[in-house]
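One-letter residues, chain by chain:
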Amino acid sequence: MKKIVVLSVLALVFAFSALAGDYTGYIADSNCATKQGAKAASEAHASCAAKCIKGGAAAVLVTPEGKIYKIADQDKVKD
C-alpha cells in the first residue's frame, strides 16, 4: 500500500513539473500590450513600458506570436 501511495505522489510531482515551461518574449505594460500586442515590441517602447510599470500598470509577457501572459510575481520583473 505504501508503494502505491509513493508512486502516486511521484507521478503527480512529475505531472506538475511538466506543466512548467520556458517562454520567450518581452516584458511590456498591460495597457499597451492589450492595445498593440506584438506591435509593441520595439526598443522605443521599452522606456515607455518601464515608466508605465513604475506608474502602476501590470507587467505582462508578450510572446513573438502576440500571446499575452500575466506575470504572477510583479516584483520580480519591475527592475
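Details of the structure are given in the entry above.
Below, the structure is looked at part by part. This is a predicted model, so every value here is computed, not measured.

This brings us to a nonpolar patch on the surface. A surface patch of nonpolar side chains, amounting to about 440 Å² of accessible area, comprises Met-1, Ile-4, Val-5 and Val-9. Note on placement: Met-1 falls in the segment before α1 (2-19). Note on Met-1: relative accessible area 78%, which makes it exposed.

The next subject is the state of the cysteines. All chains considered together, the criterion is met by zero disulfides. Among the cysteines around Cys-48, which has no disulfide bond, Cys-52 carries the closest sulfur, lying 4.2 Å off. For Cys-48, a relative accessible area of 31% puts it in the partly exposed group. Here Cys-52 falls in the partly exposed class, since its relative accessible area comes to 24%.

With that settled, consider the sheet that holds strand β3 (residues 68-70). The strand order across the open sheet built from three strands is β1-β2-β3, with neighbouring strands paired in antiparallel fashion. The open sheet terminates on both sides in strands that have one partner only, identified here as β1 (26-29) and β3. Across the sheet, the mean angle from the axis of one strand to that of its neighbour is 40 degrees, orientation sign disregarded. Inspection of the sheet shows strand β2 (residues 59-62) paired to β3 by three bridges, in the antiparallel sense. Looking at β3, one finds that Val-62 is bridged to Ile-68.

Here the focus is the environment of Val-77. On the secondary structure map, Val-77 appears in the segment after β3. Look at Val-77 and you get partly exposed, because its relative accessible area is 23%. For the pair Val-77 and Leu-61, spaced 16 residues apart in sequence, the C-alpha separation works out to 9.9 Å.

Reading the values: the criteria
- Residues numbered from 1 in each chain as written.
- Predicted model: local features only at pLDDT ≥ 70, side-chain atom pairs only at ≥ 80, totals over all residues.
- Heavy atoms only, no water.
- Patch = residues over 30% accessible without salt bridge, like charges linked within 9 Å, V, L, I, M, F, W, Y side chains within 5 Å.
- Areas by Shrake-Rupley, 256 points an atom, 1.4 Å probe, with all protein chains shown as cover.
- Salt bridge = Lys/Arg side-chain N within 4 Å of Asp/Glu carboxyl O.
- Helix = DSSP H or I, 4+ residues; strand = E, 2+ residues; numbered from the N terminus.
- Buried < 20%, exposed > 50% of the residue type's maximum accessible area, 1.4 Å probe, protein only.
- Disulfide = S-S within 2.5 Å.
- Pairing = 2+ DSSP bridges.
- Axes fitted to C-alpha atoms, helices over the stretch in contact; angles between N-to-C directions.

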